[in-house]
Amino acid sequence: MYGNPDQVTAGKSQPGHSASPGEAKRGAGRYAPSPSGELHVGNLRTALLAWALARHDGLEFRLRIEDLDERSRAAYEAVQLRDLELLGIDWDGEIIRQSRRLDIYTGILDGLRRRGLLYECYCTRRDLAQVASAPHRPPGSYPGTCRNLTAEERAVRLAKLEHRGPALRLKTDTPAISLHDRFCGDYTGAVDDLVLCRGDGVFSYNFTAIVDDALMGITQIVRGDDLLPSTPRQIYLQRILGYGQPEYAHVPLVLNSRGVRLAKRDGAVTLGRLRDLGVGVPDLLEKMSVSLGFPPVGSAEEFLSVFSPEQAVLRPWMFSADMFL
Ligand code: GLU
């Protein structure tokens, strides 16, 4: 059910972004990288799982480039797409780029504003860091500092902002939402007044991801489990916008040899750097497959043939290029 005709119209007025009726019926999974660097082994393993689960379930598989952040570079996008192809991942339809969809996000944000669901937030990073560590609140959740300010209070806080405007937050009315995750099981997490548009004018990840997933006809979301705590907020926003709820399957992250979430600075963790060490895509796929509890394989297609979601061993995987020595 679409709750608000404004939002649907805003979406439909843009050509080439809504799923065709056939696509919507079949459903689709997706991978949505941010082109702010090369994909590392953790990103690639999540992409492989997202692709394999969609293909296993007979869904389409779509790609979306989340390139709104100023750190995004076309050169990184090109390398990411090349590496996904090298891994053997294929996708359906055109690649969606968020930077080309600003009119859609603006239209939907305007609809929420007309419904009286937005407010300006003048909190600085420092303010937010202080409230984030406050006791008796879910970590990182916003306590609504700017939600009920008087006109004078707003003017005072606005005047203090330097080099940026206020952020726009959604007025929420639910403290928490529960969901069932295909890989992680039942999960309950906090809902707070999430940012939809940042003080520098950039639409937020939570907002644009929800809008795009709905308009692209995405019915299955596989991604890193660092995003599980954001999912209740995203579901809240889906409900406000009248969008259906996709299936979620969050994947444990890949860790470095110190047990910390893998990052590019961990050395040979990209396809390019591994290739320099003489480690090829089949070598990496073999280790990835074994890390998920499946026999060693040498290609993505082969991985798909051994993959079964019920049998996947989903726990953090410690990765180091030393494992190829
Ligand atoms: N661009 C986000 C990331 O790279 C994607 C998150 C998502 O899949 O929803 O972390």
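Structure: see above.
Residues numbered from 1 in each chain as written. Predicted model: local features only at pLDDT ≥ 70, side-chain atom pairs only at ≥ 80, totals over all residues. Heavy atoms only, no water.

Draft legend 1. Focus on the overall build of the protein chain. Of regular secondary structure, the protein chain possesses 12 helices and 12 strands. Taken over C-alpha atoms, the radius of gyration comes to 21 Å for the protein chain, in line with the 20 Å a tight globule of 325 residues would show. Along the longest, intermediate and shortest principal axes, the C-alpha atoms of the protein chain span 65 × 45 × 40 Å. Residues counted as buried form 49% of the 325 residues belonging to the protein chain. Long-range pairs, those at least 24 residues apart, make up 76% of the contacts in the protein chain between residues at least 6 apart in sequence. Accessible surface, the protein chain: about 15,400 Å² in total, of which carbon and sulfur atoms supply 51%. Across the protein chain, 40 positive and 41 negative side-chain charges occur, with their mean positions spaced 4 Å apart. (Helix = DSSP H or I, 4+ residues; strand = E, 2+ residues; numbered from the N terminus. Rg over C-alpha atoms; globule rule 2.2 N^0.38 Å. Buried < 20%, exposed > 50% of the residue type's maximum accessible area, 1.4 Å probe, protein only. Contact = heavy atoms within 4.5 Å. Areas by Shrake-Rupley, 256 points an atom, 1.4 Å probe, with all protein chains shown as cover. Lys, Arg positive; Asp, Glu negative; His and termini not counted. Charge placed at Lys NZ, Arg CZ, Asp CG, Glu CD.)

Draft legend 2. Expanded view of the environment of S291. For S291, the location among the structural elements is in helix α11 (residues 281-291). S291 sits in the buried class, given a relative accessible area of 14%. For the pair S291 and M318, spaced 27 residues apart in the sequence, the C-alpha separation amounts to 9.0 Å. Those residues within four positions of S291 in sequence are excluded, and the remaining contacts are R45, V313 and W317.

Draft legend 3. Inspection of the environment of H163 at higher detail. As for its position among the elements, H163 is in the loop between α7 (151-160) and β5 (167-170). A residue is classified by how much of its surface remains accessible, and H163, at 84% relative accessible area, is exposed. Along the chain, H163 and G199 lie 36 residues apart, while their C-alpha atoms are 9.0 Å from each other.

Draft legend 4. A look at the packing of aromatic side chains. Tallied over the full model, the rule gives eight aromatic pairs. Between the aromatic rings of F303 and F307, the centroid separation amounts to 5.6 Å while the plane-to-plane angle is 40°, which identifies the pairing as tilted. For F303, a relative accessible area of 0% gives the class buried. Taken together, the ring pairs connect Y105, F203 and F207 into an aromatic cluster. (Phe/Tyr/Trp six-rings, centres within 6.5 Å; stacked < 30°, edge-to-face > 60°.)

Draft legend 5. Representation of the pattern of salt bridges in the model. Counting across every chain of the model gives 20 salt bridges. Notably, a salt bridge pairs D213 with R30, separated by 3.0 Å at the nearest N-O pair. Of this pair, D213 sits in helix α8 (residues 205-215) while R30 sits in strand β1 (residues 28-31); the two residues are 183 residues apart in sequence, bridging distant segments of the chain. Judged on exposure class, the residue D213 and its partner R30 are both buried. Residue R101 is joined to D212 by a salt bridge in which the shortest nitrogen-to-oxygen separation is 2.8 Å. With R101 in the loop between β3 (96-97) and α5 (102-114) and D212 in helix α8, the pair connects residues that are 111 residues apart, well separated along the chain. Residue R101 shares its accessibility class with D212, and that shared class is buried. Sharing partners across several salt bridges, the network here consists of R30, R64, E66, R101, D212 and D213. (Salt bridge = Lys/Arg side-chain N within 4 Å of Asp/Glu carboxyl O.)

Draft legend 6. A look at the pairing of strand β2 (residues 60-65). Where burial is concerned, most of β2 is hidden: six out of the six residues are buried. What you see with β2 is no split at all: E60, R62 and R64 on one side and F61, L63 and I65 on the other are buried throughout. Pairing of β1 with β2, which is carried by four bridges, proceeds in the parallel orientation. Each bridged residue has a counterpart across the sheet, and for R30 the counterpart in β2 is R62. With respect to chirality, the unit in which β1 leads through helix α3 (residues 41-56) into the neighbouring parallel β2 is right-handed. The pairing of β2 with β3 spans two bridges and is classified as parallel. Directly across from I65, in β3, lies its bridge partner R97. (Pairing = 2+ DSSP bridges. Right-handed = clockwise from strand over helix to strand, strands pointing away.)

Draft legend 7. Spotlight on the sheet that holds β5. Strand order in the open sheet made by the three strands is β4-β5-β8, with antiparallel pairing throughout. In this open sheet, the two strands that pair with only one neighbour each are β4 (118-121) and β8 (195-197). Averaged over all neighbouring strand pairs, the angle between strand axes comes to 45°, with direction disregarded. (Axes fitted to C-alpha atoms, helices over the stretch in contact; angles between N-to-C directions.)

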